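# Inside the fold
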Amino acid sequence: RKRGSKQAWEIDCLINAEEDDPAVLMSLLDQVTDAAGKSGAMKIFLRLPVGSMAVQDASRCGFAAYRGEQVWRCGRAPSPVRKADTELRRRAKPDQHPLFQLYNALVPEQLRRYEGMTMTEWTATQESLGKTAQYVIERDSRIGGLLRLAGDGDIGRFDVLGGGAVLDDLIDGALAKLANRGTLIAIVPAYQEDAARRLAERGFEPADEFVVMAR
């Protein structure tokens, strides 16, 4: 499926029934790469569980592992730690460039090489959580953080982009907006150690670990 635009694809479902024969998986990955190229895609992304044998096979097909991720889960919706200092507002079209600047400021350069060094590349590689609602926080007339959240039945999912005290406002904003969900899930890239610590303080526990690969 496409990500933010047809220039970036993500493998949404990968079933490898022939784990003892890497040629089967490698053939599948070569086929999807060929199809993506013919459709005008510039990048393909693949998310796999840490330790999966498929990581090695994908590497042999030209995929590079560039980002680790930790899933954080809470079996109940905890109460926000405190009232947010700044109100969240819906993301709007004029926020695109300020958010790209925020992304450049917070995401390590070695990750941006794969996800997008230009705004066009970054826009194309944006993931969707499904039917996603997006909110931003403004500080001193500048965008200081981004919250994306989605609901799927009894499950609420979210991720954040921000730093320092803004992370508290983003996470507590997510807790308030997803308070009616029975289980909350947050996906945290390995470099976002501050976000992981704040989730732990709110009762979240680490669950599955993944590696994101790109070609």
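Residues numbered from 1 in each chain as written. Predicted model: local features only at pLDDT ≥ 70, side-chain atom pairs only at ≥ 80, totals over all residues. Heavy atoms only, no water.

### Concerning the overall build of the protein chain
Our working definition: Strands here are runs of E lasting at least two residues and helices are runs of H or I lasting at least four, both read from the DSSP assignment and numbered beginning at the N terminus. Two things to know: the radius of gyration comes from C-alpha atoms, and the globule rule equals 2.2 Å times the number of residues to the power 0.38. Throughout this description, buried means an accessible area under 20% of the type-specific maximum (1.4 Å probe, protein chains only), exposed means over 50%, and partly exposed covers the range between. We call two residues contacting when some pair of their heavy atoms lies within 4.5 Å.
Regarding its fold elements, the protein chain presents 7 helices and 9 strands. Here the C-alpha radius of gyration of the protein chain, 18 Å, is about what a compact globule of 215 residues would show, namely 17 Å. Along the first, second and third principal axes, the C-alpha set of the protein chain runs to 55 × 35 × 30 Å. Within the span of the protein chain, comprising 215 residues, buried residues form 44% of the whole. The contacts in the protein chain between residues at least 6 apart in sequence include a share of 73% that link residues at least 24 apart.

### Observations regarding a negative patch on the surface
Put simply, the rule is: Patch membership needs two things, relative accessible area over 30% and no salt bridge, and members are linked within 9 Å if like-charged or within 5 Å if nonpolar (Val, Leu, Ile, Met, Phe, Trp, Tyr). Only the protein chains shown count as cover for residues, and all accessible areas are computed by the Shrake-Rupley method using a 1.4 Å probe. For this document, the term salt bridge refers to a Lys or Arg side-chain nitrogen within 4 Å of an Asp or Glu carboxyl oxygen. When charges are counted, Lys and Arg contribute as positive and Asp and Glu as negative, whereas His and the chain ends are disregarded. Think of each charge as sitting on NZ of Lys, CZ of Arg, CG of Asp or CD of Glu.
On the surface, Glu 18, Glu 19, Asp 20 and Asp 21 cluster together into a patch of negative charge. Structurally, the position occupied by Glu 18 is in the loop between strand S1 (8–10) and helix H1 (22–38).

### Focus on the side chain of Gln 70
So the rule is basically this: What qualifies as a polar contact is a pair of N or O atoms within 3.5 Å, subject to a donor-acceptor requirement within protein and to the restriction that residues adjacent in sequence count only when both atoms come from side chains.
Tracing the backbone shows Gln 70 in strand S3 (residues 64–74). Among the residues examined, Gln 70 registers a relative accessible area of 17% and is labelled buried. Among the polar contacts listed, one links the side chain of Gln 70 to the backbone oxygen of Ala 207, at a separation of 2.9 Å. Among residues more than four places away in sequence, those in contact with Gln 70 are Ala 186, Ile 187, Val 188, Pro 206, Ala 207, Asp 208 and Glu 209.

### A closer look at the side chain of Arg 67
By secondary structure assignment, the location of Arg 67 is in strand S3. Assessed through its relative accessible area of 13%, Arg 67 is described here as buried. Of the polar contacts made by the side chain of Arg 67, one reaches the side chain of Glu 115; its length is 2.5 Å. Setting aside residues no more than four positions away along its own chain, Arg 67 makes contact with Arg 47, Leu 111, Glu 115, Glu 127, Pro 189, Phe 210, Val 211 and Val 212.

### Quick look at the sheet that holds strand S2 (residues 43–49)
What links the strands of a sheet is backbone hydrogen bonding, and the strands pair in either a parallel or an antiparallel sense. Definition in use: Pairing between strands requires that DSSP locate at least two bridges from one strand to the other. Lines fitted to the C-alpha atoms define the axes, with helices restricted to the stretch that makes contact. Angles between their N-to-C directions range from 0 to 180 degrees.
Here we have 9 strands laid out as an open sheet, ordered S1-S2-S9-S3-S8-S7-S6-S5-S4, and mixed in their pairing. Edge positions in the sheet fall to S1 and strand S4 (89–90), since each of these pairs with one other strand and no more. Its contacts with the sheet place helix H3 (residues 96–106) against strand S5 (133–139), strand S6 (142–152) and strand S7 (155–162), and it is angled at close to 95° to S6. Strand contacts of helix H6 (residues 165–177): S5, S6, S7 and strand S8 (183–189), with the helix running at about 25° to S6, the strand carrying the most contacts.

### Examining the nonpolar core
Quick reminder of the rule: Take the buried Ala, Val, Leu, Ile, Met, Phe, Trp, Tyr and Cys residues and link them wherever side-chain atoms come within 4.5 Å; each set so joined is a nonpolar core.
Formed by 24 residues in total, the largest nonpolar core has its most connected members in Leu 147, Leu 149, Phe 158, Val 160, Leu 170, Leu 199 and Phe 204. For this core, the secondary-structure elements that each account for two or more residues are S3, S5, S6, S7, H6, S8 and helix H7 (193–201). Considering each element in turn, this core owes the most residues, 6 residues, to H6.

### Things to note about the pattern of salt bridges
Inspection of every chain in the model, using the stated rule, returns 24 salt bridges. The shortest N-O distance in the salt bridge between Arg 3 and Glu 127 comes to 3.5 Å. Here Arg 3, found in the segment before S1, pairs with Glu 127, found in the loop between helix H5 (119–124) and S5; they are 124 residues apart in sequence, far enough to count as distant. Of the two residues examined, Arg 3 and Glu 127, each falls in the buried class. Put simply, Arg 47 and Glu 69 hold a salt bridge, and the shortest N to O gap is 2.7 Å. With a gap of 22 residues between them, Arg 47 in strand S2 and Glu 69 in strand S3 connect regions that are remote in the sequence. Through salt bridges that share partners, Arg 1, Arg 3, Glu 10, Asp 12, Arg 47, Arg 67, Glu 69, Glu 115 and Glu 127 make up one connected network.

### So, the pairing of S7
Here is the rule: Crossovers are marked right-handed if the path from the first strand over the helix to the second runs clockwise, as seen with the strands pointing away from the viewer.
The element S7 is largely enclosed, with a buried count of 6 among its 8 residues. What sits between S6 and S7 in their antiparallel hairpin is a turn of 2 residues, with Gly 153 showing a positive phi close to 65°. Of the pairings in the sheet, the one linking S7 to S8 comprises 4 bridges and is parallel in character. By the bridge assignment for S8, Arg 157 is matched with Ile 185. Chirality of the crossover, the property in question, places the unit of S7, H6 and S8 among those that are right-handed.

### Brief notes about the layout of surface pockets
One simple way to see leftover space: roll a probe sized like a water molecule over the atoms. What counts, and what does not: Space inside and on the surface of the protein is sampled on a 1 Å grid over the protein atoms alone, with a cavity defined as a set of points where a 1.4 Å probe fits but cannot get out and a pocket as an open set with protein on both sides within 12 Å along at least 5 of 7 lines; lining residues have an atom within 4 Å of a point. Grid points are joined across faces, edges and corners, and a volume is the space filled by probe spheres set on the points. Amino acids outside the nonpolar list (Ala, Val, Leu, Ile, Met, Phe, Trp, Tyr, Cys, Pro) and the charged list (Asp, Glu, Lys, Arg) are all regarded as polar, and Gly is one of them.
Of the volumes computed, that of the largest pocket is approximately 760 Å³. Taken together, 30 residues line the largest pocket, and the ones lying closest to its centre are Arg 47, Arg 67, Glu 127, Arg 148 and Asp 159. Ranked by residue count, the leading element in the lining of the largest pocket is S3, at 5 residues. A breakdown of the residues in the lining of the largest pocket according to their chemical character gives 14 nonpolar, 4 polar and 12 charged.

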